[in-house]
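Descriptive structure summary
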Amino acid sequence: GFTFNNVCYGDTMHFTDTSIVDNSTSISTYLWSFGDGSPTSNLQNQAHYYSVAGTYTVTLVTTTIDGCTNAISIPVNTFDRPISAFTVNNTCLVDSALFTNTSLNPVMGSIASWSWDFGNGSPLQTLTPPLAGLGVLYAAPGSYQVTLITYSTNLGCSDTLKDSITVFPMPVADFNFSNVCLYQTTTFTDLSTVPSGSITSRTWNFGDGTTPNANTNPTHIFANAGPYIVSLIVTTNNGCKDTMIKTVIVHPVPDAQFGSTNVCDGGITQFSDLSTIPTTDTIQSWAWNYGDGSPVFNNQNTSHLYAAAGSDTVQLMVISNFGCIDSISKISIINPNPVVAFTTIDTTGCELWCVNFQNLSTIASGFNVSRSWNFGDGSASGILLNPVHCYRNDSVYLPNTFNITLTVTSDSGCVSTLTKNNYITVYPNPNAYFTVQPQTTTITDPVISITNLTTGGNFWNWNFGDTDTSSAFNPSSHTYPDTGIYIITLITSTQYNCADTMLQTIVIEPEFLFYIPNAFTPNDDGVNDGFSGKGIFITNYEMSIFDRWG
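These numbers come from a predicted model, not from an experiment.

With respect to the overall build of the chain
The number of helices and strands found in the chain is zero helices and 47 strands. Relative to the globule expectation of 24 Å for 550 residues, the C-alpha radius of gyration of the chain, 75 Å, shows a markedly less compact shape. The principal-axis extent of the C-alpha atoms belonging to the chain is close to 265 × 70 × 25 Å. The 550 residues of the chain split such that 36% are buried. Within the chain, contacts between residues at least 6 apart in sequence are counted, and of these 57% link residues at least 24 apart. As displayed, the chain offers around 30000 Å² of accessible surface, 52% of which is attributable to carbon and sulfur atoms. Here the chain holds 11 positive side-chain charges and 38 negative ones, and the gap between their average locations is 4 Å.

So, the sheet that holds strand β41 (residues 459–463)
The strand order β39-β45-β44-β41-β42 describes an open sheet built from five strands, whose pairing is mixed. The sheet terminates laterally at β39 (440–442) and β42 (469–470), the two strands that pair on one side only. Across two bridges, the pairing between β41 and β42 is antiparallel. Within β42, the position partnered with W462 by the bridge is S470.

Some words on the state of the cysteines
Inspection of every chain in the model, using the stated rule, returns six disulfides. The partner cysteine of C264 in its disulfide is C414, sulfur to sulfur 2.0 Å. Measuring the twist about the S-S bond at about -100 degrees, one finds the C264-C414 disulfide to be left-handed. Placement of the pair is C264 in strand β25 (residues 263–264) and C414 in the loop between β36 (400–410) and β37 (415–427), with a sequence separation of 150 residues. Among the cysteines of the chain that take part in disulfides, numbered as they appear in the sequence, the pairing is 1-3, 2-5, 4-7, 6-11, 8-12, 9-10.

Structural notes on the nonpolar core
F86, F99, W116, F118, Y138, V146 and I165 are the most contacted members of the largest nonpolar core, which has 20 residues in total. Contributions of two or more residues to this core are made by β10 (97–101), β11 (111–117), β13 (133–136), β14 (142–152) and β15 (158–168). Among all residues touching W116, those that are not within four sequence positions of it are F86, F99, N101, L124, Q125, L127, L134, V146, T147 and L148. By size, the runner-up hydrophobic cluster in this structure holds 19 residues, among which are V230, V234, V250 and C324.

What to know about the pattern of salt bridges
A full pass over the atoms with the stated rule returns four salt bridges. Between K246 and D174 there is a salt bridge, with the nearest N and O atoms lying 3.0 Å from each other. Taken together, the residues K246 in strand β23 (residues 241–251) and D174 in the loop between β15 and β16 (175–176) connect sequence positions 72 residues apart. The exposure class assigned to K246 is partly exposed, which follows from its relative accessible area of 25%.

Some details on the side chain of T78
In this structure, T78 sits in strand β7 (residues 69–79). Accessibility expressed as a relative area gives 1% for T78, which makes it buried. Discounting chain neighbours no more than four positions away, the residues touching T78 are V7, C8, Y9, M13, Y50, V52, A53, G54, Y56 and M108.

With respect to the pairing of β14
Each regular strand carries side chains that alternate between the two faces of the sheet. Taken together, the six bridges between β11 and β14 define a ladder with antiparallel strand orientation. Within β14, the residue paired with D117 across the bridge is T147. Bridge count for β14 against β15 is ten bridges, and the pairing is antiparallel. What sits directly across from T147, in β15, is K162. Following β14, the chain reverses through five residues before pairing antiparallel with β15; L155 in that reversal takes a positive phi of roughly 65 degrees.

As for unusual backbone geometry
In this structure, the amide linkage connecting E351 to the following residue, L352, adopts the cis form with an omega of -5 degrees. Within the secondary structure layout, L352 lies in the loop between β32 (348–350) and β33 (353–359). Unusually for a residue other than glycine, L155 sits at a positive phi of about 65 degrees. As for its placement among the helices and strands, L155 is situated in the loop between β14 and β15. For D524, which is not a glycine, the phi torsion comes out positive at approximately 65 degrees. Among the structural elements, D524 can be located in the loop between β46 (513–515) and β47 (534–536).

Thoughts on the side chain of T302
Topologically, T302 is positioned in strand β28 (residues 302–305). Under the relative-accessibility criterion, T302 is labelled buried at 8%. Reaching out from T302, the side chain makes a polar contact with the side chain of Y290 at a distance of 2.6 Å. Setting aside residues up to four positions removed in sequence, T302 forms contacts with T269, Q270, F271, W288, Y290 and F297.

Digging into the environment of N176
Looking at the element boundaries, N176 is found in strand β16. On the accessibility criterion, N176 (43% relative accessible area) is partly exposed. The sequence separation of N176 and L191 amounts to 15 residues, and the corresponding C-alpha distance is 6.9 Å. Contacts of N176, omitting those with residues within four sequence positions, involve T187, F188, T189 and L191.

Some words on the packing of aromatic side chains
Summed over the entire model, instances satisfying the criterion amount to 38 aromatic pairs. Measuring from centroid to centroid gives 6.4 Å for F206 and F222, while their planes differ by 90 degrees, and the two rings are edge-to-face. Of this pair, F206 sits in the loop between β20 (199–205) and β21 (219–220) while F222 sits in the loop between β21 and β22 (226–236); the two residues are 16 residues apart in sequence, bridging distant segments of the chain. Considered together, F206 and F222 belong to a single accessibility category, that of buried residues. Among the aromatic residues, those joined into a cluster by ring pairs are F175, F177, F188, W204, F206, F222 and Y228.

Concerning the sheet that holds strand β29 (residues 310–320)
What the four strands build is an open sheet, ordered β25-β30-β29-β27; its pairing is mixed. Edge strands, defined here as strands with exactly one partner in the open sheet, are β25 and β27 (283–289). Note that β25 and strand β30 (residues 325–335) share two bridges and pair parallel. Each bridged residue has a counterpart across the sheet, and for C264 the counterpart in β30 is N335.

What counts and what doesn't
- Within any chain, residue numbers begin from 1 and follow the written order of that chain's sequence.
- Local features in this predicted model are restricted to residues whose pLDDT is 70 or higher, and side-chain atom pairs enter the listing and the counts only when it is 80 or higher, whereas totals over whole chains, interfaces and linings include all residues.
- The side-chain values count all of the structure's non-hydrogen atoms but skip hydrogen atoms and water molecules.
- Secondary structure elements are taken from DSSP: a helix is a run of H or I of four residues or more, a strand is a run of E of two residues or more, and numbering for both begins at the N terminus.
- Between the two quantities, the radius of gyration covers C-alpha atoms and the globule rule is 2.2 Å times the number of residues to the power 0.38.
- Relative accessibility under 20% of the residue-type maximum defines a buried residue, over 50% an exposed one, and the middle range a partly exposed one, all with a 1.4 Å probe and only protein chains included.
- Note on contacts: a residue pair qualifies if any of its non-hydrogen atoms lie within 4.5 Å across the two residues.
- What sets the accessible areas is the Shrake-Rupley method with a 1.4 Å probe; for residues, cover comes only from the shown protein chains.
- Neither His nor the chain termini are counted; the positive set is Lys and Arg, and the negative set is Asp and Glu.
- By convention, charge coordinates are those of NZ in Lys, CZ in Arg, CG in Asp, or CD in Glu.
- Here the rule is simple: two strands pair whenever DSSP picks up at least two bridges between them.
- Cysteine sulfur pairs qualify as disulfides if the two atoms are within 2.5 Å.
- Buried Ala, Val, Leu, Ile, Met, Phe, Trp, Tyr and Cys residues that are joined via side-chain atoms within 4.5 Å together make up what is termed a nonpolar core.
- Within this document, salt bridges are pairs made up of a side-chain nitrogen of Lys or Arg and a carboxyl oxygen of Asp or Glu, the two lying within 4 Å of each other.
- Residues adjacent in sequence count toward polar contacts only when both atoms are side-chain atoms; beyond that, a polar contact is any pair of N or O atoms within 3.5 Å, and within protein one must be able to donate a hydrogen and the other to accept it.
- Each Phe, Tyr or Trp ring (for Trp, its six-membered ring) is paired with any other whose centre lies within 6.5 Å, and the angle between the two planes then decides the class: stacked below 30 degrees, edge-to-face above 60, tilted in between.

This is the structure in C-alpha cells:
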C-alpha cells in the first residue's frame, strides 16, 4: 500500500509507502510504475512530476526478502489548472477601468473562484462564478499591475495572470475671456493643462447654435446680446477629456435715438433723448455734438440756440453702464425767417387816400406762404400780396398818421413782422360849401349874393361861370350880364394842397315886356299907321296874320 496526494498540474506528487509484512520477514524491494510511461522507480517513497494533467494508475510492487510479491494499483490525479484571462483597456483617471474576466474552466472540474489584486493597494477581491465584469476607479494616474488568480474546484488549483494597466492623467480644462458688447469680437484663451502627455484637440461650443470651433484660442462674434453658456472640451493624446463651462455675457448695445424740433432762426432747438437699451443694462452717459463747433453737452436732454439759419448734423452718442456705445446723427434744420419789406409809391395824400402797398418780402430758402397786413386804422387785416387800402381823415385841420405792420409766414411756419410807424400820412380835406341868393332870378335883377360856409380851407378859387373869378373868402355880389344858366364853382384847398369843390347852378331867366296893340289906323296920317309889337329885352319875335276865316 501507499499514500499520495492528488496534485495540480505543475506540482510534484509525493508517494509514501505504507506496505506492511509479517514481522518474520521484511520487504526487500519496491517497484513503482507511474502510469505515464516514465521509467519505474525502486525507491520506497517516491516523488513524481506529471508533465500532462490527467488521471494515472500508479502501481507499487513490493517483494519480500523471501521473494514474495504483492502489488497495488491506485488511480491518481494531476488536475489541470483553470486558465486565468481578462481584458482591460488603459483608461483615464476619472473613468472606471472595465475588467472583463475571460478565464477558462479546467478540463477536470470547474472554476471555483477568482481573486483580484488591482495593484492600487485595495484589499483583494474574491469572486465566485459566474463570470462578471468589474469596474475599478483608480485614485491617481499611473501604471498598475493587476493580478488575477483563478481557482478550480479540484484542490483549488490556481492559475495566476499578471498584466498592467495605465491610468492616464486627466486634463484640466480652463479658459479665459472678457465680456464684450454686442457686435464686438470675444477672444477665448485656452488655459487647459495636463500633468503628462499633451492636449491634442479642443472643442469649443459657444452656446449660440453655431458650429463648434476646434481652434486653440478662437474668436467669436455673437449675433445677439445675452448670456451664453460656453463650453470647452479638451482631449489628450490618450483620449482623456475634461470640460469647462463658463457663462459669457454679451452686453447689449444701446439704440441711440433722439427727437428734435425744427425751429426758426433765433429759436431754441429742443433735443429729447429717445435712446433705449434692454433692461439688463442701463444707459449711463450721453454726449451731444451740435455740429456747429460749440462744446459737447452731456445731459440726457438738451436744447441749443444756433447762431444762424441752416442745417447742422447733430450727433448723439450714448454709453451703457458696461461701456457699450451707439451713436446716431440727424440733420437739425434751423429754418430762415422771412425778411419782411414793403413799400408804396407815395406815403402822403389827402382824404380819401388810397395807397398801393407793394410786398417786397423775401426768404433765404423755402417760400413765404401767407401774409397779414395791419393798416393801422382799425380796419380788418389784409391778406393780399399787394393790397390797396384807402384812408380817411375826419378831422378838420390836423393830419392823421398810420402805423403799417406786415406779418409774413413761411412754409416752415416761421413768422416775421415789420412795422413802419407813422408810415402813412393822410391830410384832411376841406369841406367846400356856399349858398347863393337867389338861385334863380331874372335878367331884370341879375345880382347874386354868395355866402361862403366852407370849413377847413385856407384858399378859395371862385369861378362864376361867366369868365369872372375871385379868390376872396366871401366875394361881393355878382351881376350876370345876360340870361342863361351859370355854374358857380368853388374850389377850396388847404396848406397840404387838399381841395374840395362845390358847384351851384344859377339861372338868369329872361324877363321881357311885350305890347301888341289890338287896332291900328293904316291911313297914312302918321299915327298908328303900322302894326307891330313893342317891348324890352326882346331879341326877335314872329307874327302870323290870319283872315277872318282862319
